[in-house]
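Survey of secondary and tertiary structure
One-letter residues, chain by chain:
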Amino acid sequence: MSVLPKKRHATFSFFILIFSSFFILSGETAFALKNNSYPHSLNDFPGYTLAWGSKSKKSKKTTEKPISPSVTPDSETDTDDYVDPSSIKLNVPNRYATSFFRTIPDALLKAIEIGTPDSIYEAVSMLKKADGSYTESEKTLLYVAAGIMRIVWPTEKITWEIPEIIQDNAYVGAINSAEKGVYDSSTGSMDFLTLVLPSLVLLTNNSRNDYYEDAKKALALAEKINENSVLVMYLSGHLFLRMKDNENAMKYFEKAWEQSSEYLQTSYAYAQSLFSFGRFSEAAEIALKFAAIYPKDMNLLKLCAKSLFSLKRYQDAELYVARVLQQNPADSEYILFRAKILVEEGDFIKASSLLDVYARTDSTSRDYLLLRSRVLSEWNKNIRGAADTIEKALERYPDDLQVLFMAAKLAAASGERIGGKTSGELASAILVVDPENAEALEISIKDLIEKRKWEQAYSISTKIIGKEEVSLESKYAHISICLALNRMTEASRMAKEIYEKFPNEELAVQAYLEVLYSLGKYSDSLALIEKLLPSASSHLKSFLYYRRSFLANGEQAVLSDLRSSLIANSRNEDSLFRLYKIYFEKKDYRRAQYYLKQVVALHPANEEFLRLNRELEVLIQQ
């Protein structure tokens with residue numbers, strides 16, 4: 001028997017392998033080979049994973065070994081590893097490890113991968129056959145397209161007939177599993193669709209989280225295969241959102257939206273992400289656009305309401321809250337939300353009624369207690385009742401910043417401790433968590449001013465004044481601190497600035513008059529007071545009489561101005577305290593105590609006022 005040379009032997013073996021494979025293949029595959037329409041390799045047959053150049057008995061996972069240029073036909077190597085240079089090279093495409101869809105045009109597959117309704121409709125139109133004679137791969141693609149539409153784009157219509165799948169496969173299995181709320185990890189990650197389809201479960205099941213890392217890796221691989229896939233971007237956004245990585249979620253939702261801004265699902269996801277990052281105007285613009293198209297979509301209506309509320313467009317926000325409650329009158333969250341809007345609008349009667357309705361369901365929620373305390377303090381003027389309410393909130397939510405702030409604000413207004421803490425202590429608790437919280441800094445400054453701790457107050461106030469947007473209240477407080485520390489130049493400059501800018505604002509007028517007096521410009525100060533008194537509000541009039549008392553001649557004129565100040569505003573603590581000092585110097589201790597007790601009533605936790613009152617008690621008893 002003759003022995004063939006190694007080179008001829010290898011070539012002969014190669015063709016034997018091709019022809020033997022031809023006869024065992026199905027009729028469809030043989031037809032494809034016969035018509036030169038089979039573009040890939042034996043790896044492309046369903047159920048076949050044959051690595052060229054590896055031994056046939058090896059595992060399917062065996063990978064192709066690269067041929068070294070130094071290897072020649074005469075080299076001492078295993079002949080199974082040798083490839084004849086004259087043989088035809090069968091190129092396996094990089095996009096797919098397997099090709100169940102080998103007969104499907106690449107453009108059609110890419111359209112499915114993009115995953116938008118338009119691209120899916122385009123793919124289906126390319127697939128449709130009048131006689132319905134679909135191959136299994138074509139049936140599978142039609143089934144997959146319908147599954148993506150049902151799960152990802154539920155507002156879109158499926159316009160094609162979904163063929164019956166005789167035999168289940170990885171693609172059909174992934175769709176079915178996702179619809180049952182299960183992440184199918186058995187797809188084998190053979191191609192783009194087997195990498196992506198299991199992650200559809202992100203849209204059908206919110207409870208499970210044991211597959212996140214697998215989904216993250218699979219979607220990252222799919223993105224490398226097709227970086228323009230809206231489907232991958234949208235699912236990746238949901239995955240990162242579930243993983244509480246809001247920045248990456250935002251990035252992927254934005255990418256998906258940029259390519260599919262005409263669709264509800266991607267637009268809503270992006271708008272929600274914008275809202276979470278405080279970009280309320282952009283979120284509202286998108287939400288309002290789609291609410292006009294889908295007027296009964298509850299998620300859109302709620303996003304419109306939240307975004308508009310955050311933009312302080314309270315009347316517009318209430319309209320969308322009302323539309324939510326029309327569809328679901330028992331939605332307690334939005335009953336409370338409407339009460340919140342009404343409080344902001346100052347409609348306390350309606351807000352109070354809604355709070356009563358909500359309290360039947362829950363009287364201990366944080367938002368309910370916050371709103372109830374606001375209604376009590378701002379409408380009923382029941383500071384004690386408001387303090388008691390917020391004290392309950394502090395017990396339940398001791399670390400909540402909004403609760404701490406409301407408690408600090410009420411403690412400052414009442415001069416009492418709430419939860420055993422002063423306004424300054426409550427503000428300090430906020431500043432530990434949020435050192436730049438402007439409202440907490442203002443309360444802290446007010447507390448330090450009350451305690452006459454001027455240097456500390458100046459240090460904090462300087463931080464606030466250095467910011468771009470500074471309230472008039474903060475500027476007034478800073479001027480008062482500067483005057484106490486004899487920083488006249490700084491106080492004068494700021495007082496002149498705010499008075500020229502806001503000549504009709506009471507705080508600006510007060511600051512300017514105090515600076516004029518401190519600079520010894522008495523005639524200018526008196527002239528301005530006389531000019532303003534006839535048309536001044538009660539509150540400002542009380543201040544003007546108080547300031548004029550320092551310019552009056554004689555004790556009777558001083559006392560007259562101070563009494564006029566209290567007629568205009570009986571709670572003017574500056575006038576009350578000055579009367580206490582006048583009568584104390586005259587040794588009229590009972591009258592002095594009469595006025596001092598009213599100051600203590602306004603600031604019951606102020607240690608200095610309490611000390612002075614104790615001293616008076618001793619003097620009266622002597």
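Small disclaimer: the values here were computed from a predicted structure and weren't measured. (Residues numbered from 1 in each chain as written. Predicted model: local features only at pLDDT ≥ 70, side-chain atom pairs only at ≥ 80, totals over all residues. Heavy atoms only, no water.)

**Some thoughts on the packing of aromatic side chains**
Using the criterion set out here, one finds 27 aromatic pairs in the structure. Aromatic pair Phe-577 and Tyr-580: ring centres 5.3 Å apart, planes at 40 degrees, arrangement tilted. Of this pair, Phe-577 and Tyr-580 both sit in helix 29 (residues 573-585), separated by three residues, roughly a single helical turn. The buried category is assigned to Tyr-580, whose relative accessible area is 5%. Judged by centre distance (5.9 Å) and plane angle (5 degrees), the ring pair of Tyr-583 and Tyr-595 falls under stacked. One end of the pair, Tyr-583, is in helix 29; the other, Tyr-595, is in helix 30 (residues 589-602), with twelve residues separating them in the sequence. A single burial state applies to Tyr-583 and to Tyr-595, both of which are buried. These aromatic residues form a ring-pair network of at least three members: Phe-577, Tyr-580, Phe-584, Tyr-589 and Phe-609. Sitting above the plane of the Phe-275 ring, Lys-306 keeps its charged end 5.2 Å from the centroid. (Phe/Tyr/Trp six-rings, centres within 6.5 Å; stacked < 30°, edge-to-face > 60°. Helix = DSSP H or I, 4+ residues; strand = E, 2+ residues; numbered from the N terminus. Buried < 20%, exposed > 50% of the residue type's maximum accessible area, 1.4 Å probe, protein only. Lys NZ or Arg CZ within 6 Å of the ring centre and 35° of its normal.)

**Observations concerning the pattern of salt bridges**
Taken as a whole, this structure holds 28 salt bridges when the rule is applied. Where Arg-384 meets Asp-388, a salt bridge forms, and the shortest distance between an N and an O atom there is 2.8 Å. One end of the pair, Arg-384, and the other, Asp-388, are both in helix 18 (residues 383-396), four residues apart, so they sit about a helical turn from each other. Two residues, Glu-555 and Lys-586, come together in a salt bridge whose shortest N-O distance is 3.0 Å. Placement of Glu-555 in helix 28 (residues 555-568) and of Lys-586 in the loop between helix 29 and helix 30 is noted, with a sequence separation of 31 residues between them. Because the salt bridges share partners, they merge into one network encompassing Glu-344, Arg-374 and Glu-378. (Salt bridge = Lys/Arg side-chain N within 4 Å of Asp/Glu carboxyl O.)

**Quick word on the confidence of the model for the protein chain**
Averaged over the protein chain, the pLDDT score is 85; the fraction of residues at 70 or greater is 84%. No element of the protein chain has a lower mean pLDDT than helix 2 (residues 27-34), which averages 38, and none a higher one than helix 9 (residues 230-242), which averages 98. Here residues 1-84 is modelled with pLDDT under 50, and outside its nearest four sequence neighbours on either side it reaches 71 contacts, counting other chains as well. Across residues 86-97, confidence stays below pLDDT 50; counting only partners more than four residues off in sequence or on other chains, it has 21 contacts. (pLDDT = per-residue confidence, 0-100. Contact = heavy atoms within 4.5 Å.)

**Here's the deal with the nonpolar core**
Ranked by internal contacts, the top residues of the largest apolar core, which has 145 residues, are Leu-141, Leu-193, Leu-197, Leu-200, Ile-418 and Ile-479. Sort the elements by how many residues they give to this core and helix 5 (residues 136-152) lands first, with ten residues. When near neighbours in sequence (up to four residues on either side) are disregarded, Leu-200 contacts Ile-151, Val-152, Ile-175, Ala-178, Leu-231 and Leu-235. Within the second largest apolar cluster, 21 residues are counted, among which are Val-558, Tyr-583, Tyr-595 and Leu-616. (Core = buried A, V, L, I, M, F, W, Y, C linked by side-chain atoms within 4.5 Å.)

**Some points on the side chain of Arg-578**
Within the secondary structure, Arg-578 is located in helix 29. When neighbours within four sequence positions are excluded, Arg-578 is seen to be in contact with Tyr-546, Ser-549, Phe-550, Val-558 and Leu-562.

**Some details on a negative patch on the surface**
Together, Glu-439, Glu-442, Glu-473 and Glu-505 make up a region of like negative charge exposed at the surface. Glu-442 sits in the partly exposed class, given a relative accessible area of 32%. (Patch = residues over 30% accessible without salt bridge, like charges linked within 9 Å, V, L, I, M, F, W, Y side chains within 5 Å. Areas by Shrake-Rupley, 256 points an atom, 1.4 Å probe, with all protein chains shown as cover. Lys, Arg positive; Asp, Glu negative; His and termini not counted. Charge placed at Lys NZ, Arg CZ, Asp CG, Glu CD.)

**What to know about helix 23 (residues 472-484)**
For helix 23, spanning 13 residues, the distance from its first C-alpha to its last is 19 Å, which sits close to the expected 18 Å at 1.5 Å a residue. Within helix 23, eleven of the 13 residues are buried, leaving the element largely enclosed by the surrounding structure. In the core, the buried residues of helix 23 are packed alongside helix 21 (438-450), helix 22 (454-465), helix 24 (488-501) and helix 25 (506-518). Downstream of helix 23 by a residue or two, Asn-486 has a phi angle that is positive, lying close to 60 degrees. (Expected span 1.5 Å × (residues − 1).)

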